[in-house]
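Listed below are the residues making up each chain.
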Amino acid sequence: MSGQTMATEPPLLEINDLHVHFPVSGALFSRRKQALRAVNGVSLHLNKGECLSIVGESGCGKSTTALSVIGLQAPTSGDILFEGKSIIGANAPPRMERARIAQMVFQDPYASLNPRQTVHRSLAEPLRLHGTKSRSEIDDRVAEMLRRVGLTPEQATRFPHEFSGGQRQRIGIARALILDPHIIMLDEPVSALDVSIRAQIINLLLDLKEQLSLSYIMISHDLGVVEHMSDRVAVMYFGQIVEIGHWDAIFSSPTHPYTRKLISTIPDPDAILQTGVKAVLRNAPPPPQGYRFYPQDITNPDVYAAPAPSELISISEDHQVRCQRLSA
Ligand SMILES: Nc1ncnc2c1ncn2[C@@H]1O[C@H](COP(=O)(O)OP(=O)(O)OP(=O)(O)O)[C@@H](O)[C@H]1O
Ligand SMILES: [Mg+2]
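Please read all numbers here as calculations on a predicted model, not as lab measurements.

Parameters and conventions
Residues numbered from 1 in each chain as written. Chains lettered and ligands numbered in written order. Predicted model: local features only at pLDDT ≥ 70, side-chain atom pairs only at ≥ 80, totals over all residues. Heavy atoms only, no water. Core = buried A, V, L, I, M, F, W, Y, C linked by side-chain atoms within 4.5 Å. Buried < 20%, exposed > 50% of the residue type's maximum accessible area, 1.4 Å probe, protein only. Domains from an automatic or database assignment. Contact = heavy atoms within 4.5 Å. Helix = DSSP H or I, 4+ residues; strand = E, 2+ residues; numbered from the N terminus. Expected span 1.5 Å × (residues − 1). Arc of directions from axis to C-beta. Near = heavy atom within 4 Å. Polar contact = N/O pair within 3.5 Å; in protein donor to acceptor, adjacent residues only side chain to side chain. Areas by Shrake-Rupley, 256 points an atom, 1.4 Å probe, with all protein chains shown as cover. Salt bridge = Lys/Arg side-chain N within 4 Å of Asp/Glu carboxyl O. Pairing = 2+ DSSP bridges.

Before going further, it helps to spend a moment on the nonpolar core. Membership of the largest hydrophobic core comes to 50 residues, with the highest contact counts inside it found for Ile173, Tyr216 and Met229. The two domains that each donate at least three residues to this core are domain 1 (13-24 + 34-101 + 181-325) and domain 2 (115-180). Residues within four places of Tyr216 in sequence aside, it is in contact with Leu46, Glu50, Cys51, Leu52, Ile184, Leu186, Leu205, Leu208, Lys209 and Met229. Core analysis: the next-biggest nonpolar cluster, separate from the first, contains 30 residues, Leu12, Cys60, Met185 and Ile219 among them.

Below, the structure written as C-alpha cells:
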C-alpha cells in the first residue's frame, strides 16, 4: 500500500434530498396554505452505463423527479449533481451544457412531437436552438439519428401522423439523442405501444445504450420491462424511496411491505416463476434489528405532512430499505 487514498470518482448523477412541493388550496375558508409533497426527500445516484429504474404507483412522484433532472421542474430544496457538480439553481451550467446532461423520452410520442412539424424540423430544432448553424451539419446529424433508431433519412420529410406508434417512439428517441446527451430519462417509454412492438423498442434502447455509452433512468409500471432492462431498481412510495438496490435483490428479496405488495401484483406468471417471487412473498422478512419499516401504514399516506425521521438502512450489499429507528 502506498498510503495514498485513491480519489473516488463521483457518480454520474446524484440526487440529494430532493423535495418538490406543489401549493394546493386548503379546505374552503381555511387560511392554512398546504403543500402537496410530490417528491419528499429523494436521494439516489446513477452510475455511468447503468439503467436505474424507478417504480411505484401512480402519483408517487416519479415523473416530477425526472422533470427535475432535465431542468423542467424547479426543486423546492435539495440538489442534483452531474459528475460531482450541482446543476440546479444558480449553479446550473450554460444551456447547451445543461441540455447535454440529460434528455427525456416521454410515454406518448404523439403528444411530445409537434404534429405540424416534419420529422426533420422536430429533430433539427434542438440543434438550431443550441447553436448549430450549418445546414449540411444539421442534415447529416438528423440522417444519422434516424438511421440509429431504425428509420431512413428519406422519412425525415414526413409528419408524425404518417408513422406507426412504434415508429413515432423511434422519432421521440432520436429527438432525445440528437444533442448527444449523457443520460436519458425514459418515462414509461413503451407503455403506450402495442405489446407486439414493445420488445423491439426495448431492444433498440438497450442497443443504443451500448453503442452510445448512455446511462438511463427509466420509469415504468411494467415490472417485466423493469426486470429486463435494469441494473438497479428504486421503489418510490408517496414521494420517498422506500427500497433501492440491485434488480435481483429487489425481485428476489423484496423487503419493504410496499415493495412486496408491488411485486405481488406482477401479472406475468413466467416472471413469477423465474424469480420465485411467490415463494419469496410467503416469508416476509423482519425489519433490521432496532428498526421498523417506514412508513408503517402503506394504505393511508399523508401527502401533505412532513415525514417522520427515517433512513435507508443497508440490509445487504447494494440493497437498502427505509426504516425508522425504534426508540430505546
Ligand atoms: N405541476 C403540478 N402542479 C401540482 N401538482 C402536481 C404537478 N405535477 C405533479 N403534481 C402532483 O404531484 C404528484 C406526483 O406526480 P407525478 O406526475 O410525479 O407522479 P408519477 O409517479 O409520475 O405518476 P404516474 O405513474 O401516474 O405518471 C401527483 O399527486 C400529481 O398530481
Ligand atoms: Mg408519471
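Right, let's get into helix α5 (residues 135-148). With 14 residues, α5 ought to run about 20 Å at 1.5 Å a step, and its terminal C-alpha atoms sit 20 Å apart, in line with that. Here α5 has its buried residues at Ile138, Val142, Ala143, Met145 and Leu146. Looking down the long axis of α5, one finds its buried residues gathered within 165° of arc, a one-sided arrangement. In α5, those exposed residues whose orientation departs by more than 90 degrees from the buried face are Asp140 and Arg147. Residues of α5 that are buried in the fold lie against α4 (119-129) and α6 (165-177).

Right, let's talk about the site of ligand 1 for a bit. Close contacts around ligand 1 come from Phe22, Leu36, Ala38, Glu57, Ser58, Gly59, Cys60, Gly61, Lys62, Ser63, Thr64 and His221, and that covers them all. Between ligand 1 and Lys62, the relevant distance is 2.8 Å, taken from an oxygen atom to a side-chain nitrogen or oxygen of the residue. Between an oxygen atom of ligand 1 and a side-chain N or O atom of Ser63, the distance comes to 2.8 Å. Here ligand 1 loses 59% of its free accessible area of 640 Å² to cover by the protein chains. Only β2 (34-46) and α1 (62-69) provide two or more residues apiece to the shell around ligand 1. Sort the elements by how many residues they give to the shell around ligand 1 and α1 lands first, with 3 residues.

Let's shift gears to the pattern of salt bridges. Applying the stated criterion across every chain, the model contains 7 salt bridges. Asp180 serves as the salt-bridge partner of Arg100, at 3.5 Å between the closest nitrogen and oxygen. On the criterion of sequence distance, the pair formed by Arg100 in the loop between α2 (95-99) and β6 (102-105) and Asp180 in the loop between α6 and β7 (183-187) is long-range, its members being 80 residues apart. A salt bridge links Glu311 to Arg325, with the shortest nitrogen-to-oxygen separation between them at 3.8 Å.

The next subject is α4. Every buried residue of α4 is listed here: Val119, Ser122, Leu123, Ala124, Pro126 and Leu127. Lining the buried residues of α4 we find α5 and α6. Immediately beyond the C-terminal end of α4, within one or two residues, lies Gly131, with a positive phi of roughly 100°.

This brings us to the pairing of strand β13 (residues 319-325). Each regular strand shows side chains that alternate between the opposite faces of the sheet. Of all 7 residues in β13, 5 are buried, a share of seventy percent or more. In terms of strand pairing, strand β11 (residues 291-293) meets β13 through 3 bridges, oriented antiparallel. Of the residues in β13, the one forming a bridge with Phe293 is Cys323. Here strand β12 (residues 311-316) pairs with β13 via 5 bridges, running antiparallel. Along β13, the bridge assignment pairs Leu312 with Arg322. A loop of 2 residues connects β12 with β13, the two strands running antiparallel in sequence, and Asp318 in this loop sits at a positive phi of about 55°.

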